[in-house]
Amino acid sequence: MIHLEQVSKSFEQQPILHNINMHIAPGEFAFLQGRSGSGKSTLVKLLYRELERDTGSITIDGVSIDKLAKYELRRKMGVIFQSFELLERKTVLENIVLAGQILGRDPDKMEAEAMRLLKRVGLEEKAHVLPTKLSGGQQQRVAIVRALLNKPKIILADEPTGNLDPETASEVLMLMRELREEEGVAMLVITHSQHLIETFAEKSWILKEGGVYERQ
Ligand SMILES: Nc1ncnc2c1ncn2[C@@H]1O[C@H](COP(=O)(O)OP(=O)(O)OP(=O)(O)O)[C@@H](O)[C@H]1O
């Protein structure tokens, strides 16, 4: 489904990623590990074109991501961040629905879909609450729902459990694993946690000195 071939990226002549090859299959639960500064976030940003690569190709279902308008790409890829990135002055439901509004979807349908997903993650009763009133684990569940709203092919999760205690981190990943099956979505999770990789990964890579190595 997602193919990276010979992808490279430098910042100010400093190579960060060098000839990266990766493949993520539909519905796969894949992990990426690497030391701080190894280029994990950079790689994720290349996938959703927050940054442009220098060389190489990235395709989704055989189509180069360069051929897709940004809104089309955002429909295919949901993103989750360590810091949740929820708007503080919008309610939980508004935060979620906004993700679809930006892509021009029907507000009523989106609201129904958002409520279905909120119910699924156990937060139906928090729909009209501000995110600042929620715990970190709850906020991340809201961010997961927001990422799922547009029925993406893949969710890119950049340290989704970085701000959570180990138990909550495991719960969030368990939920993500269940949702990828129910919703038919692949996930690429960045984490520093060896424990989480050993527990959850179906496929994992380590990023080191600009290269990516698949763990067997
Ligand atoms: N926009 C940018 N301009 C210049 N250098 C950058 C830029 N973004 C990242 N870098 C550099 O690229 C390297 C990789 O950064 P990146 O954020 O991808 O690492 P990371 O593996 O995600 O790190 P962490 O685990 O700390 O989040 C770092 O040395 C960083 O300083």
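Everything below is about the structure shown above.
Our subject in this report is the structure included herewith.

Calculation criteria
Residues numbered from 1 in each chain as written. Predicted model: local features only at pLDDT ≥ 70, side-chain atom pairs only at ≥ 80, totals over all residues. Heavy atoms only, no water. Near = heavy atom within 4 Å. Polar contact = N/O pair within 3.5 Å; in protein donor to acceptor, adjacent residues only side chain to side chain. Helix = DSSP H or I, 4+ residues; strand = E, 2+ residues; numbered from the N terminus. Nonpolar A, V, L, I, M, F, W, Y, C, P; charged D, E, K, R; others polar. Salt bridge = Lys/Arg side-chain N within 4 Å of Asp/Glu carboxyl O. Buried < 20%, exposed > 50% of the residue type's maximum accessible area, 1.4 Å probe, protein only. Contact = heavy atoms within 4.5 Å. Phe/Tyr/Trp six-rings, centres within 6.5 Å; stacked < 30°, edge-to-face > 60°.

## Quick word on the site of the ligand
Consideration 1: Near the ligand, the surroundings consist of Phe11, Ile16, Arg35, Ser36, Gly37, Ser38, Gly39, Lys40, Ser41, Thr42, Glu159 and His192.
Consideration 2: A distance of 2.5 Å is found between an oxygen atom of the ligand and a side-chain nitrogen or oxygen belonging to Ser36.
Consideration 3: Backbone polar atom of Ser41 to an oxygen atom of the ligand: 2.9 Å apart, as the coordinates give it.
Consideration 4: Counting residues per element, the shell around the ligand draws most heavily on helix H1 (residues 40–47), which supplies 3 residues.
Consideration 5: Class assignment for the residues of the shell around the ligand results in 2 nonpolar, 7 polar and 3 charged.

## Quick notes on the pattern of salt bridges
Consideration 1: Tallied over the full model, the rule gives 12 salt bridges.
Consideration 2: Here Asp54 and Lys9 are joined by a salt bridge, their closest N and O atoms 3.9 Å apart. A residue pair is termed long-range when its members are at least 10 positions apart, and Asp54 in the loop between H1 and strand S4 (55–60) and Lys9 in strand S1 (residues 2–11) qualify at 45 residues.
Consideration 3: When the shortest N-O distance is used, the salt bridge between Lys153 and Asp61 registers 3.1 Å. Taken together, the residues span a long stretch of sequence, with Lys153 in the loop between helix H5 (136–148) and strand S7 (154–158) and Asp61 in the loop between S4 and strand S5 (63–64) at a distance of 92 residues.
Consideration 4: Assessed through its relative accessible area of 34%, Lys153 is described here as partly exposed.
Consideration 5: When salt bridges that share partners are traced, they join Glu113, Arg116, Lys151 and Glu183 into one network.

## Regarding the side chain of Lys203
Consideration 1: One can find Lys203 in strand S9 (residues 203–208).
Consideration 2: Among the polar contacts listed, one links the side chain of Lys203 to the backbone oxygen of His23, at a separation of 2.8 Å.
Consideration 3: Among all residues touching Lys203, those that are not within four sequence positions of it are His23, Glu28, Phe29, Ala30, Phe31 and Glu214.

## Some points on the packing of aromatic side chains
Consideration 1: Evaluated as defined, the whole model comprises 2 aromatic pairs.
Consideration 2: Measuring from centroid to centroid gives 5.3 Å for Phe29 and Phe31, while their planes differ by 90 degrees, and the two rings are edge-to-face.
Consideration 3: The exposure class assigned to Phe29 is buried, which follows from its relative accessible area of 0%.
Consideration 4: Judged by centre distance (6.5 Å) and plane angle (85 degrees), the ring pair of Phe29 and Phe200 falls under edge-to-face. Of this pair, Phe29 sits in strand S3 (residues 29–34) while Phe200 sits in helix H7 (residues 194–200), placing them 171 residues apart in sequence. The same class applies to Phe29 and to Phe200, which are both buried.
Consideration 5: Ring pairing ties together the aromatic residues Phe29, Phe31 and Phe200, which thus form one cluster.

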